Amino acid sequence: MIITIVGGGSTFTPGIVKSIALRREELEVDEIRLFDIDRERQDKVGVVVKWILEEDVKTDIKLTVTYDKEEAYKDANFIFAQMRVGKYAMREQDEKIPLRHGCVGQETCGAGGLAYGMRTIFPMMEVIDDVEKYAAKDYWILNYSNPAAIVSEACRVLRPNARIINICDMPIAIVDIIAQSLDIKDLHKIEYDYFGLNHFGWFTSMTYEGRDILQEVKDYVKAHKMLLPESNIEAIKKHVETTGNRHASSAWIHVWESVYTMLELFPDYVPNTYLNYYLLSKESVEHSNPEHTRANEVMETREKTLFEGIDHYLKTGEISTKAFYAGEHGNWIADLAIALKNDTKQRFLVIVENRGAIPNMPYDAMVEVPAYIGKNGPEVIAQNPIPLFQQGLMMQQVNCEKLLVEGCIEGSYQKVLQAFALNKTIPTSTVAKAILDDMIEANKEYWPELK
Ligand code: NAD
Ligand code: G6P
Ligand code: MN
């Protein structure tokens, strides 16, 4: 069993490797390979990965750190894809350019997400083609490279037969926060229904050991005016940085407060936090610092801690487990791989072609819905028709993403402009054009030419 991690130099690699190592018996893993195009970055991450495998979890899993595609993918069974095309330098542009025009500045939502999508579509197709060429015939690519909504639509259009499952950790991160807030010890016993698009969906039911907790969540949010555990809220009040929970760090706090505002306005379902960028765009812009966005925060915290920790280890032979985060993110990816490999039919949210799962959404829309996962991939669970409000929002976003993918493939300025103009975070078409023109300039190295 060979698992290849694409974007081996990612800040998430150590945590994911730790989860794989801890679950090695269920995964029967013999070898982990790291593949990246940034040699320096991946070599450093490779150092801590080796330490995790050999010293921390004490396994005999073989480690290969490579920049060669054939060596990376040869006979691989699972490919975990987590690349960030353009790295944090471009994330910063994705967030800051729209803010300069008074619009939401976010890496996966709004203009920033569209720009990141334009950078990622073709590199992702290259990964699929290389995997097809070298990997085991029954390979599975688990892709969580963002923007997953746009990447998955591009896969549907350009590589419809690829064995790829596109996924997102935000719903389980929200369930984790809910579990901590309601003092529920085992988040895996929380069951829920959910529908939407990636970074654009709603929890419609939630139970814990048969107890209906959706209303409890709503009551908790009403009482605390945000969705975060009390310990995090206390830390925020004292201006102490919360540890261990990246989703509770500074730039994310407003996001958890927005759950309160969204639930006051639309109390039926518990929204995915990402909906705040669409439903509360103006407030999101007001809460942003156009000079210092989440990209800066990540570079100053997660990235700095990891690479300083590695340098310290190289100098002293000592490593602090605080250098990297291991937990739910990696566990969730390992869980999914185990479900595929061992045919467990465990339930996960996945981003899939609708094909009637949501009856009043188009057949070919990429939706995020629950599915049972076994060796042949997702068996999607059929949904009831969704209400007009959610359906209207989703249609606007689906068409925006489809236009972007078409525009990117055809090199069509007009279609990409329409995608920007259709995005709910951008108030008027002249602003859409101004942002697009700035994005073209900033992304010269990465985007196809638009005519
Ligand atoms: P990062 O910049 O630390 O790591 C990304 C790595 O990808 C870098 O080492 C970079 O060199 C590499 N890379 C870039 N282009 C590549 C290419 N063409 N081929 C191979 N490698 C390439 O970023 P990060 O913050 O650790 O995030 C990694 C990715 O995971 C991002 O896309 C992020 O959005 C995504 N992510 C997704 C979810 C989800 O819910 N779907 C959750 C967490 C992170
Ligand atoms: C959530 C989302 C991911 C996104 C991440 C960003 O986990 O589901 O898609 O990549 O947040 O987190 P960051 O710490 O990099 O801001
Ligand atoms: Mn996500």
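Computed from a predicted structure; not experimentally measured.

Asks: A description of the overall build of the chain should follow, citing residues and the corresponding values.
Replies: Across its full length, the chain carries 18 helices and 13 strands. Compactness check: the chain gives a C-alpha radius of gyration of 21 Å against a globular reference of 22 Å for 451 residues, within 12% of the reference. With respect to the three principal axes, the spread of C-alpha positions in the chain is 55 × 55 × 45 Å. Counting only residues that meet the buried cut, the chain has 60% of its 451 residues in that class. Within the chain, residue pairs in contact and separated by at least 24 positions form 70% of the contacts whose partners lie at least 6 positions apart. Approximately 18,800 Å² of the chain is accessible, and the part contributed by carbon and sulfur atoms is 49%.

Asks: Describe the site of ligand 2, naming the residues involved and giving the relevant values.
Replies: Near ligand 2 there are 14 residues, and of these Asn146, Asp169, Arg246, Arg294 and Arg302 occur at the shortest range. One nitrogen or oxygen atom from the side chain of Arg91 is found 2.9 Å from an oxygen atom belonging to ligand 2. At 3.4 Å from an oxygen atom of ligand 2 is found a side-chain nitrogen or oxygen belonging to Glu107. For ligand 2, whose unbound accessible area comes to 390 Å², protein coverage reaches 93%. Top contributing element to the shell around ligand 2 by residue count: helix 14 (residues 294-316), with three residues. Residue composition of the shell around ligand 2, grouped by class: five nonpolar, three polar and six charged. Counting residues domain by domain, the shell around ligand 2 receives three or more from each of domain 1 (2-167) and domain 2 (171-288).

Asks: Explain the coordination of the manganese ion (ligand 3) residue by residue, including any values.
Replies: The protein atoms that coordinate the manganese ion (ligand 3) are Cys168 (SG) and His199 (NE2), at distances of 2.2 to 2.4 Å. Of this pair, Cys168 sits in the loop between strand 6 (164-166) and helix 8 (170-181) while His199 sits in the loop between strand 7 (190-197) and strand 8 (200-208), and the two are 31 residues apart along the sequence. For Cys168, a relative accessible area of 10% puts it in the buried group.

Asks: Now, about helix 6 (residues 110-134): what can you tell me, with residues and values included?
Replies: Between its first and last C-alpha atoms helix 6 spans 36 Å; for 25 residues at 1.5 Å apiece the expected length is 36 Å, and the two agree. Roughly 35 degrees is the biggest bend found in helix 6, and it falls at Thr120, with proline Pro123 one to four residues downstream. Of all 25 residues in helix 6, 19 are buried, a share of seventy percent or more.

Asks: Give me the site of ligand 1: which residues, what numbers.
Replies: Lining the immediate surroundings of ligand 1 are 25 residues, of which Ser10, Thr11, Asp36, Arg41 and Tyr88 lie closest. Between ligand 1 and Asp36 there is a distance of 2.7 Å, counted from an oxygen atom to a side-chain nitrogen or oxygen. A distance of 3.1 Å separates a nitrogen atom of ligand 1 from a polar atom in the backbone of Tyr144. Coverage of ligand 1 by the protein chains reaches 95% of its 870 Å² of free accessible surface. Classifying every residue of the shell around ligand 1 gives ten nonpolar, eight polar and seven charged.

Asks: Explain the nonpolar core residue by residue, including any values.
Replies: Of all hydrophobic cores here, the largest spans 107 residues; its most connected members are Phe80 and Met206. Two domains each provide a minimum of three residues to this core, namely domain 1 (2-167) and domain 2 (171-288). Residue contacts for Met206: discarding those within four places in its chain leaves Val175, Ile178, Ile190, Glu191, Tyr192, Arg211, Asp212, Ile213, Leu214 and Val217. Within the second largest apolar cluster, 49 residues are counted, among which are Ala111, Ile150, Cys400 and Tyr413.

Asks: Describe the environment of Phe203, with residues and values.
Replies: With respect to the helices and strands, Phe203 occurs in strand 8. Once residues within four sequence positions are removed from consideration, Phe203 is found in contact with Pro171, Ile174, Val175, Tyr192, Asp193, Tyr194, Leu214, Tyr269 and Val270.

Asks: Got a sec to walk through the packing of aromatic side chains? Specific residues and values, please.
Replies: Across all of its chains, the model carries 13 aromatic pairs by this definition. Relative to Tyr73, the ring of Phe35 lies with its centre 5.7 Å away and its plane at 55 degrees, an arrangement referred to as tilted. Within this pair, whereas Phe35 is found in strand 2 (residues 31-35), its partner Tyr73 is found in helix 4 (residues 69-73), the two being separated by 38 residues in sequence. The exposure class assigned to Tyr73 is buried, which follows from its relative accessible area of 0%. Ring pairs connect the aromatic residues Phe195, Phe200, Trp202, Tyr269 and Tyr278, which therefore count as one cluster. For Arg163, the ring lying beneath its charged end belongs to Trp140, and the centroid distance is 4.4 Å.

Thresholds, definitions, all that
Residues numbered from 1 in each chain as written. Chains lettered and ligands numbered in written order. Predicted model: local features only at pLDDT ≥ 70, side-chain atom pairs only at ≥ 80, totals over all residues. Heavy atoms only, no water. Helix = DSSP H or I, 4+ residues; strand = E, 2+ residues; numbered from the N terminus. Rg over C-alpha atoms; globule rule 2.2 N^0.38 Å. Buried < 20%, exposed > 50% of the residue type's maximum accessible area, 1.4 Å probe, protein only. Contact = heavy atoms within 4.5 Å. Areas by Shrake-Rupley, 256 points an atom, 1.4 Å probe, with all protein chains shown as cover. Near = heavy atom within 4 Å. Polar contact = N/O pair within 3.5 Å; in protein donor to acceptor, adjacent residues only side chain to side chain. Nonpolar A, V, L, I, M, F, W, Y, C, P; charged D, E, K, R; others polar. Domains from an automatic or database assignment. Donors = N, O, S within 2.8 Å, 3.2 Å for Na, K, Ca; no water. Expected span 1.5 Å × (residues − 1). Bend = angle between axes of the 7 residues up to and from the residue. Core = buried A, V, L, I, M, F, W, Y, C linked by side-chain atoms within 4.5 Å. Phe/Tyr/Trp six-rings, centres within 6.5 Å; stacked < 30°, edge-to-face > 60°. Lys NZ or Arg CZ within 6 Å of the ring centre and 35° of its normal.

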